[in-house]
Amino acid sequence: MSEYFHRRRNINILFLGGAKRVSLAEQLIKAGKEYGITVSIFSHELTDCEPIASVGKIIVGGKYSSPDIDSEIDQIIEEYDIHIVLPFIDPSIEVAARCQLRHPEVFVPVSSVEAAQQMFDKVLSAEIFEKMEIPIPKTYHNADEIAFPAILKPRRGSASQGIIIANSADDLRGIDYGNYLIQEYIADREEYTVDCYVGMQDGEVKCSVPRLRIATVGGEVIKSETRHMPVLEEMAWRILKMLRLQGAVTLQFIRNLDNGHFLLMEINPRLGGGVICSIYAGANIAKMILEESIGFNALPAKFWHEGVLMTRYMKEVVFYNNQII
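Just so you know, these numbers come straight off a predicted model, no measurement behind them. (Residues numbered from 1 in each chain as written. Predicted model: local features only at pLDDT ≥ 70, side-chain atom pairs only at ≥ 80, totals over all residues. Heavy atoms only, no water.)

Undergrad: Sorry if this is basic, but what is going on with the overall build of the protein chain here?
TA: A tally of regular secondary structure across the protein chain gives nine helices and 16 strands. Its C-alpha atoms give the protein chain a radius of gyration of 20 Å, near enough to 20 Å, the size a compact globule of 325 residues would have. Judged by the C-alpha coordinates and their principal axes, the protein chain covers about 60 × 45 × 35 Å. By residue count, 50% of the 325 residues in the protein chain fall in the buried class. Expressed as a percentage of contacts within the protein chain between residues at least 6 apart in sequence, the contacts between residues at least 24 apart total 64%. (Helix = DSSP H or I, 4+ residues; strand = E, 2+ residues; numbered from the N terminus. Rg over C-alpha atoms; globule rule 2.2 N^0.38 Å. Buried < 20%, exposed > 50% of the residue type's maximum accessible area, 1.4 Å probe, protein only. Contact = heavy atoms within 4.5 Å.)

The following block contains the structure:
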């Protein structure tokens, strides 16, 4: 066992935008108990009335685009003795990556600042994928190239907000093309997420678990099932290596049902909202994060269960005078 493990009996974890990630917080707390470690959850949010308050402490702060955000996170790390930082929304990924550079004593399982910037910009990331010959939907670089139907995604959008399905040129009137990634729209398709973790110590891919996205609401998966798909798993592994990604990474694919081909849609260098499904299947990324934070080399999840179905329901967290009741 590492010397650090013998010293540490309490671990404080800071979520960046982890408002709804109650289940993952519970998994991290559970993983800590296996090692006799008390895990405390803190979450940086815009408001103090978020579901994560049911399992942790909310720290109200500014937006991740704020020029003062780095100093704000630094202050939180010092004041609350933070040991692990985890981003949960796209704008917070680069914040976490910068934090990693300033605080080598804090465990931040994310990719580089450059990777965070590249993957947050859908136009730039698509250009990188094309250059590396990673299969993606046909991408239109000029307005006169567009064939319909087409899908337009905000260049720096997230959570499926602002997406436009265009069936004719009339649907594109007034559009500023520079603010969108424009691709062919494949209607007859399946959507897959691959939950991955790349070791921060050894760069080894610890897991790449495909999940079929059966139902979503507002870009958030509410029903998902793990699937053993060697082609997709190998494809994800190759992409992770090519782009030199590390830590928690979520890859989004579609499968064109007309020809069976898998196409990469986007990469989020963070934990996905549906990662709980993969954790229950046997790829315990929460435990991997905790293990690496205390100096262990997390073992890869070579065996995990296919057909693990996760479905979600709404649960109320009620506040009165900013207190949970």
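Undergrad: Teacher, can you tell me more about the packing of aromatic side chains here?
TA: When we look at a pair of aromatic rings, we describe it by the centre distance and by the angle of the planes. By the definition in use, this model includes four aromatic pairs. Plain terms: the ring middles of F15 and F88 are 4.5 Å apart, the flat faces sit at 50° to each other, and that makes the pair tilted. Of this pair, F15 sits in strand 1 (residues 10-16) while F88 sits in the loop between strand 4 (84-87) and helix 4 (90-102), and the two are 73 residues apart along the sequence. A relative accessible area of 0% means that F15 is categorised as buried. Ring plane angle 75° and centroid distance 5.8 Å describe the contact between Y192 and F262, whose orientation is recorded as edge-to-face. In this pair, Y192 is assigned in strand 9 (residues 189-198) and F262 in strand 13 (residues 262-268), connecting sequence segments 70 residues apart. (Phe/Tyr/Trp six-rings, centres within 6.5 Å; stacked < 30°, edge-to-face > 60°.)

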